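# Report on the structure
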Amino acid sequence: MTDEEWKSINEIYKKEFPDEMPFDKVSAKLDTMNNHPYIQELRSTFCNALVFVLTEGFVKYDDNTLVAYDGSLLKLVYENIEKLNKEYFFYWAFYYYLKKQYKECKENIHKMCKSLKDDGALDEGAVLDLFLVPYKNAPDEIWEYITEEVKTMDTVAGVPEFCDLISLYYRSTNNDEVVDALTSFMQMYPEYKSPNEMLGYTYYNMSMWNNAIACFEKVKEEYYFFMADIYWMLAWASGKVKNLTDEEEYYRKSYELAPDIPFTLNNLGYSLYKQKKYKEALEIFEKCLQEKVDLSCAGNNYVRVLIALGRNADAKKFVKSGGVKVAKALRDRVANLDNHNARIRKQVVGETQDVEEAESTEKFNIDIGVKRQQFSNEKLLEDELTARIESGMPVFGMHLKIYKRKGEYGRQYIIPIGRLDLLCEDSQGNLYVVELKKDSGYDDAYKQTAEYLDWFEKDKRFKGKKVYGIICLNSPTQQLIDKVHADKRMRLFEYQISYTEL
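A short tour of the structure in this document, coming up. (Residues numbered from 1 in each chain as written. Predicted model: local features only at pLDDT ≥ 70, side-chain atom pairs only at ≥ 80, totals over all residues. Heavy atoms only, no water.)

### Side note on the overall build of the protein
Along its length, the protein carries 23 helices and eight strands. The 502 residues of the protein split such that 49% are buried. Considering only contacts in the protein between residues 6 or more positions apart, those separated by 24 or more positions represent 62%. With the model as given, the accessible surface of the protein reaches about 25,800 Å², and the carbon-plus-sulfur share is 50%. (Helix = DSSP H or I, 4+ residues; strand = E, 2+ residues; numbered from the N terminus. Buried < 20%, exposed > 50% of the residue type's maximum accessible area, 1.4 Å probe, protein only. Contact = heavy atoms within 4.5 Å. Areas by Shrake-Rupley, 256 points an atom, 1.4 Å probe, with all protein chains shown as cover.)

### Concerning unusual backbone geometry
With phi around 60 degrees, K100 is a residue other than glycine that occupies positive phi space. Structurally, K100 is set in the loop between α6 (89-98) and α7 (102-115). Given a relative accessible area of 46%, K100 falls into the partly exposed group. In the Ramachandran plot, K242 falls in the positive-phi region, its phi being about 65 degrees despite a non-glycine side chain. Its place among the elements puts K242 in the loop between α14 (227-240) and α15 (244-257). For K242, a relative accessible area of 71% gives the class exposed.

### Topic: the packing of α15 against helix α16 (residues 264-274)
Between two packed helices, both the angle of their axes relative to each other and the distance between the axes serve to describe the pair. At their nearest, the axes of α15 and α16 sit 9 Å apart, and the two run at 155 degrees to each other. Comparing their axes, α16 and α15 come out roughly antiparallel. Judged by the twist between their axes, the crossing of α15 over α16 is left-handed. Taking contact as the criterion, the partners of L244, E247, E248, Y251, R252, S254 and Y255 in α15 are, on α16, T264, L265, N267, L268, S271, L272 and K274. Residues belonging to the contact of α15 with α16 are distributed by class as follows: six nonpolar, four polar and four charged. (Axes fitted to C-alpha atoms, helices over the stretch in contact; angles between N-to-C directions. Parallel < 35°, antiparallel > 145°, perpendicular 65-115°, else oblique. Left-handed = near helix turned anticlockwise from the far one by under 90°. Nonpolar A, V, L, I, M, F, W, Y, C, P; charged D, E, K, R; others polar.)

### Here we look at helix α2 (residues 23-31)
Those residues of α2 that fall on the buried side of the exposure criterion are V26, S27 and L30. Here the buried residues of α2 occupy an arc of 95 degrees about the axis, which is enough to place them on one side. On its buried side, α2 packs onto α1 (3-16), α3 (39-54) and α5 (72-81). (Arc of directions from axis to C-beta.)

### Here's the deal with the pattern of salt bridges
On inspection of all chains with the given rule, the structure shows 26 salt bridges. The salt bridge involving K103 is made with E107; its shortest N-O contact spans 2.8 Å. Taken as a pair, K103 and E107 lie in helix α7 at a separation of four residues, close to a single helical turn. Of the residues examined, E107 reaches a relative accessible area of 35% and is grouped as partly exposed. Here E249 ties to K253 by a salt bridge, and the two come within 3.1 Å at their closest N and O atoms. Taken together, the residues span about one helical turn, with E249 and K253 both in helix α15 at a distance of four residues. (Salt bridge = Lys/Arg side-chain N within 4 Å of Asp/Glu carboxyl O.)

### Topic: the pairing of strand β4 (residues 411-415)
For β4, the tally of buried residues reaches four of five residues, placing the bulk of the element in the interior. By the bridge criterion, four bridges tie β4 to strand β5 (residues 418-425) in an arrangement that is antiparallel. Bridge pairing links Y413 to L420 in β5. What sits between the antiparallel neighbours β4 and β5 is a turn of two residues. (Pairing = 2+ DSSP bridges.)

### Overview of the packing of aromatic side chains
Here the structure, examined in full by the defined rule, presents 34 aromatic pairs. With a centroid separation of 5.1 Å and 75 degrees between ring planes, the pair formed by Y97 and Y135 is classed as edge-to-face. Here the residue Y97 occupies a position in helix α6, and Y135 occupies one in helix α8 (residues 124-135), the gap between them amounting to 38 residues. Judged by its relative accessible area of 7%, Y97 falls in the buried class. Y135 gets classed as buried once you look at its relative accessible area, which sits at 0%. Here the guanidinium or amino end of K29 rests over the ring plane of F17, the centre of that ring lying 5.5 Å away. Above the plane of the ring of Y78 lies K99, whose end atom (NZ or CZ) is 4.1 Å from the centre. (Phe/Tyr/Trp six-rings, centres within 6.5 Å; stacked < 30°, edge-to-face > 60°. Lys NZ or Arg CZ within 6 Å of the ring centre and 35° of its normal.)

Okay, here's the thing in structure tokens:
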């Protein structure tokens, strides 16, 4: 079928089935149109919408997901695919996957791949649409089969490796391994968009907030995650690094796109509260209470704003009503207030730590179905050193800051030839490549750092900047010491762990 014919079919579909029509009504109406010359194409368009909703977002897909839909959406998926001709291989493959009939699923995947061989080279977008969305965390046998099938097809550079990357992403239990795989792929294939979002999500779950922000700031349009989810994660991460202006902006953007995401409204109000925008915050929390959303936190925050505004009597009345649960620490605080609403508020009292942060905001997580940990010694050293730098403490005998620009953050900083542990700068704008190693026994720290320095010195973007290297490890060899001392661009530091009895 030609593109023009599909365009005509899409126009018919939009006319017959407006966006606001419920799925069960669409399905019922399609059943009355069996004599329509394009009934199969119209139904396949509907199936596409069903599959998208069933698998929306970058989340795990398993039996629990299906239970969450109470079977109604799944029932529509089954019923409508069963009414499609067998040559709609994509939908039938997905149908058999849902039924856990993997032999039939693979047969249809094979037929689909064979039918696509004349459609040009398979690219990242096609892999996402045809394989990742429906088969996210499918069993190994499905992903191994998909990868082998893809290798028989005409693809743009990196597609087979991209399939391997997705498989690892859903199976690895080690964050370090996932980060290494993602960054290595991005160095080889920087034109791919989704790995950057996957990396941002990984950093988000590792509480590496600045790294997550840098990744998500690069996202210009909805591609892999929903933009509402990206804005939400940007908001939460911005709050964690105390960038309240960005936190507020991103919560507003997320709420505008998807007001149904839990705790967006409450967290926006709490961001306003932290910025002492008490009247705006009060309006937000009143909306939460009216709409009965985010109540586990919104009640606490409503009371806090009333206190900040000097409305003690109103705070007492709200707590006494018992309509919404309020934390004990806040109830005790309200009990000790006088019984008046202040006409003129003379002091700021809103910053008192009256409840735990967990009782003020909630984090939004996208569950991909695998729990990960990291065990790297370098990661622990990196955490400690980063915390020192970001707190303003001197390190290596000087005051440094982590290199930061919009869409960039100097921790685990990616360049075409590798990934730096830390890229820092001083007050004069000089750059420092910091490499952290457990010891000097497993790779050539000098050679690696020297290659990074050479790259920065040649790259046009950093032209005119002085670049230095710092290697920090335990038990350096004499050979390493000699190499570093012979290179005026580098310095070598040894870290030690000590235990002092008190």
